[in-house]
Amino acid sequence: MTETRHVNVAIIGSGPAGYTAAIYTARAELRPVLFQGLQPGGQLTITNEVENFPGFEHGIMGPELMEVMKRQAQRFGTEIVPRMVEKVDLSVRPFRLFAEGAEFTADSLIISTGASARYLGLESEQRFQGMGVSACATCDGPFYRDRTVVVVGGGDSAMEEADHLTKFAKKVYIAHRRDEFRASKIMQKRVLDNPKVEVLWNTVPVEVLGDATGVTGVRLKDTKTGETRDVATDGFFLAIGHTPNTSVFENQVELDAKGYIVTKPDSTHTSVDGVFACGDVQDTRYRQAITAAGTGCMAALEAERWLAERED
């Protein structure tokens, strides 16, 4: 029979939000237990240089930043569990968590499982990830000053990414599989009126081209004729959406139509009392390491107060 272990605060997810929540709850002497999940460190572990996280004047590599956060959380007493939480039961008190054969109960829960960028599924796309392939123009745009980039997508996200990239790149191609965008008219106009932008209609990427230095081009297929052609580019940006990592929380907490956890206004409180959500798992707009860390702090402080109120 599996032995059940009880904790004050369980944190699911090990990105900037999860580690920040761990730092704060550990310093409050709540002895948090953090479950790392399938991708310890989150999306930043597949990001090369991070230049926009405060405190690192000359930038820092994504994996290194997450390792620093991990050690800081451990320094204050956070226990790191290298397991994935596969099932939860939030209908009982304390909450029940099942992680690869182990069972835990928790007085409070902080969810920081993040969201995963959608990719096309190309082998070459994965091979050049962090070497010219990106899913975040805000994060990586400054690396492409006076260079050429390709943005894939046709919705508002693609328009926003392309518009942002025009601030740096000399040329921005938008590859879209149809002959019209699904983005809002105002977003389309902003992009289409920009002289730096060229739209490649009815095209889908079939291969990312590159060498040891990184991306050098992309092979595009015409969806009508089937013909392919190569376009030279220094950067390949995916803007086809994100998928929140919330499958384990379906029918447990309130999710929006896209699967993101719904939190109360100006708060990290979810629909379940004692359960808090922070980072990209509830952020549909910003999706930055620093905003994730900020909501991780919020979740920790709110969990601390929530637990203190129950002791009174």
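Please read these numbers as outputs of a predicted model, since none were measured by experiment.

K.L.:
Please clarify how the packing of helix α5 (residues 156–165) against helix α6 (residues 185–192) should be interpreted in this entry.
P.N.:
Two quantities define a packed helix pair, namely the angle between the helix axes and the distance between the axes. Two elements in contact, α5 and α6, have axes separated by 9 Å at closest approach and are oriented at 30°. What the angle tells us is that α5 and α6 run roughly parallel. Remark: the crossing between α5 and α6 carries left-handed chirality. Of the residues in α6, those touching α5 at D156, M159, E160, A162 and D163 are M187, Q188, R190 and V191. Grouping the amino acids of the contact of α5 with α6 by side-chain chemistry returns four nonpolar, one polar and four charged.

K.L.:
Help me out: how do you make sense of unusual backbone geometry in this one?
P.N.:
Most peptide bonds are trans, and most residues other than glycine sit at a negative phi. Across the junction of R93 and P94, the peptide omega takes the value -10°, indicating a cis bond. Among the secondary structure elements, P94 is positioned in the loop between β6 (87–89) and β7 (95–99). Look at N202: it is not a glycine, yet its phi comes out positive at around 55°. Along the polypeptide, N202 turns up in the loop between β13 (197–200) and β14 (203–211). A positive phi angle, close to 65°, is found at N251, a residue other than glycine. Topologically, N251 is positioned in the loop between β18 (242–244) and β19 (275–277). Of the residues examined, N251 reaches a relative accessible area of 81% and is grouped as exposed.

K.L.:
I tried to follow the sheet that holds strand β12 (residues 171–175) on my own but got confused; where do I start?
P.N.:
Read across the open sheet, the five strands follow the order β10-β17-β11-β12-β13; overall the sheet is parallel. The open sheet has two free edges, formed respectively by β10 (133–134) and β13, since each of these has just one partner strand. The pairing of β12 with β13 spans four bridges and is parallel. When the sheet's bridge partners are listed, A175 is paired in β13 with L200. Along the sheet face, α5 touches β11 (148–152), β12 and β17 (235–238) and points at about 170° away from the line of β11.

K.L.:
Could you clarify how one ought to interpret the packing of aromatic side chains in this entry?
P.N.:
Each aromatic ring pair is described using two quantities: the centre-to-centre distance and the angle formed by the ring planes. Enumeration according to the criterion identifies four aromatic pairs in this entry. Measuring from ring centre to ring centre gives 5.0 Å for F35 and F104, while their planes differ by 85°; the resulting arrangement is edge-to-face. Here F35, found in strand β2 (residues 33–35), pairs with F104, found in strand β8 (residues 102–111); they are 69 residues apart in sequence, far enough to count as distant. A ring pair is formed by F181 and W201, whose centres lie 4.7 Å apart and whose planes are at 45°; its orientation type is tilted. Highlighted residues: F181 in the loop between β12 and α6 and W201 in the loop between β13 and β14, separated in sequence by 20 residues. The class for W201 is partly exposed, based on a relative accessible area of 33%. Lying across the ring of F98, K87 places its NZ or CZ 5.4 Å from the centre. The ring of Y173 carries the charged tip of K171 above its face, separated from the ring centre by 5.3 Å.

Conventions adopted
Residues numbered from 1 in each chain as written. Predicted model: local features only at pLDDT ≥ 70, side-chain atom pairs only at ≥ 80, totals over all residues. Heavy atoms only, no water. Axes fitted to C-alpha atoms, helices over the stretch in contact; angles between N-to-C directions. Helix = DSSP H or I, 4+ residues; strand = E, 2+ residues; numbered from the N terminus. Parallel < 35°, antiparallel > 145°, perpendicular 65-115°, else oblique. Left-handed = near helix turned anticlockwise from the far one by under 90°. Contact = heavy atoms within 4.5 Å. Nonpolar A, V, L, I, M, F, W, Y, C, P; charged D, E, K, R; others polar. Buried < 20%, exposed > 50% of the residue type's maximum accessible area, 1.4 Å probe, protein only. Pairing = 2+ DSSP bridges. Phe/Tyr/Trp six-rings, centres within 6.5 Å; stacked < 30°, edge-to-face > 60°. Lys NZ or Arg CZ within 6 Å of the ring centre and 35° of its normal.

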